[in-house]
Amino acid sequence: METSELRNLYECERNRLNTLCDKWQKVLDKTPTKSINDENRGKIMAVLGQTRLLLNKKMKQFEGLLSDSNTDSEFTHPPITLQDLEGFWELVMIQVNEMYIKFKSLEEGNVPGEGNRVHTPKYRASPMPRYR
């Protein structure tokens, strides 16, 4: 796998997670407080918070590693290898898949605003092959 393929995967997953966050935030914003019980509101807010944390921390860190791997800088010691990127991406995808499962459980729950149901991917990304 090439760095460009990893960047494409990263951008695709980031966009999917952002889309899910946006749609569920709209459910919270547009549904009257009385229509969603506190438990369901809390579930939605927890999933949104966890996803945003993943996007703003781990995925940003991966984006930085991708950028650093493309520059031959004397400041990146040891150099970032493709194997490093693939290993980190595998770890990120574990968390991404957990978020998809949580969004799916929100979708399947009795949360008002079901007309705004969000399509979640039907697949679970398989781990990347390990190169040794």
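All chains use their own residue numbering, which begins from 1 and follows the written sequence. Owing to the predicted nature of the model, reporting of local features is limited to residues with pLDDT of at least 70; listing and counting of side-chain atom pairs is limited to 80 or more, with chain, interface and lining totals taken over all residues. Side-chain numbers come from the whole structure's heavy atoms, not from hydrogens or water.

## Some remarks on the packing of helix α2 (residues 38-56) against helix α3 (residues 58-70)
Threshold: Angles run from 0 to 180 degrees between N-to-C directions of axes, and those axes are lines fitted to C-alpha atoms, restricted for helices to the stretch in contact. Starting at the N terminus, helices and strands are each numbered in turn, a helix being any DSSP run of H or I of at least four residues and a strand any DSSP run of E of at least two. An angle counts as roughly parallel when it lies under 35 degrees, as roughly antiparallel when it exceeds 145, as roughly perpendicular when it falls between 65 and 115, and as oblique in every other case. Whether two residues are in contact is decided by their heavy atoms: any pair within 4.5 Å suffices. Under the scheme applied, nonpolar residues are Ala, Val, Leu, Ile, Met, Phe, Trp, Tyr, Cys and Pro; charged residues are Asp, Glu, Lys and Arg; polar residues are all the others, including Gly.
Their axes nearest at 3 Å, the elements α2 and α3 cross at an angle of 15 degrees. Judged on the interaxial angle alone, α3 and α2 are roughly parallel. In this structure, α2 uses Leu53, Leu54, Leu55 and Asn56 to contact α3, whose residues at the interface are Lys58, Met59 and Lys60. Classifying every residue of the contact of α2 with α3 gives 4 nonpolar, 1 polar and 2 charged.

## Quick notes on the nonpolar core
As a reminder of what qualifies: Only buried residues count toward a nonpolar core. Its members are Ala, Val, Leu, Ile, Met, Phe, Trp, Tyr and Cys residues joined through side-chain atoms within 4.5 Å. Per-residue accessibility, obtained with a 1.4 Å probe over protein chains only, is compared with the maximum for each type, and a residue is labelled buried under 20%, exposed over 50%, and partly exposed between these values.
The biggest cluster of nonpolar side chains holds 27 residues, and the ones touching the most others in it are Leu17, Met59, Phe62, Trp89, Val96 and Phe103. Taken together, the elements giving at least two residues each to this core come down to α1 (3-30), α2, α3 and α4 (82-108). Top contributing element to this core by residue count: α4, with 10 residues.

## Describing the packing of aromatic side chains
Each pair of aromatic rings is reported with the distance of its centres and the angle of its planes. Cut-off, in case you're wondering: In this analysis, rings of Phe, Tyr and Trp, with Trp reduced to its six-membered ring, are considered paired at centre separations within 6.5 Å, and the interplanar angle assigns stacked below 30 degrees, edge-to-face beyond 60, and tilted for intermediate values.
With the rule as written, the count across this model stands at 3 aromatic pairs. Seen in terms of ring centroids, Tyr10 and Phe62 are 6.0 Å apart; in terms of plane orientation they differ by 45 degrees. Their pairing is tilted. Placement of the pair is Tyr10 in helix α1 and Phe62 in helix α3, with a sequence separation of 52 residues. Of the two residues, Tyr10 and Phe62, both sit in the buried class. On the basis of an interplanar angle of 40 degrees and a centroid distance of 4.9 Å, the ring pair of Phe62 and Trp89 is categorised as tilted. Pair noted here: Phe62 is in helix α3 and Trp89 is in helix α4, with a separation of 27 residues, a long-range link. Trp89 shares its class with Phe62; the two are buried. A connected cluster of aromatic rings, assembled from ring pairs, spans Tyr10, Phe62, Phe88 and Trp89.

## Quick look at the confidence of the model for the protein chain
Rules: pLDDT measures how confident the predictor is about each residue, on a scale from 0 to 100.
Residue-level pLDDT values for the protein chain average 83, and 78% of them are 70 or greater. A low-confidence stretch, residues 112-124 stays under pLDDT 50, and its non-local contacts, those more than four residues away or across chains, total 29 contacts.

## Some details on α3
Note the threshold: Under the convention used throughout, the expected extent of a helix is 1.5 Å for every residue step, that is, one less than its residue count. The arc in question is the one spanned by the directions pointing from the helix axis to the C-beta atoms.
With 13 residues, α3 should reach 18 Å at 1.5 Å per residue; the first-to-last C-alpha distance of 19 Å fits that figure. Every buried residue of α3 is listed here: Met59, Phe62, Leu66 and Ser69. Projected down its long axis, α3 carries its buried residues within an arc of 80 degrees, all on one side. At its buried positions, α3 is contacted by α1, α2 and α4.

## Let's talk about the pattern of salt bridges
Using the following cut-off: A pairing counts as a salt bridge when a side-chain nitrogen of Lys or Arg comes within 4 Å of a carboxyl oxygen of Asp or Glu.
Evaluation of the coordinates by the stated rule reveals 4 salt bridges. Residues Glu13 and Arg16 are paired through a salt bridge, measuring 3.6 Å at the closest nitrogen-oxygen approach. Linking Glu13 with Arg16, this pair stays in helix α1, spanning 3 residues, or about one helical turn. Using a relative accessible area of 29% as the deciding quantity, one classes Arg16 as partly exposed. Here Lys104 and Glu107 are joined by a salt bridge, their closest N and O atoms 3.9 Å apart. Residue Lys104 and its partner Glu107 are located together in helix α4, separated by 3 residues, close to a single helical turn. For Lys104, a relative accessible area of 25% translates into the label partly exposed. Overall, the relative accessible area of 13% leaves Glu107 in the buried class.

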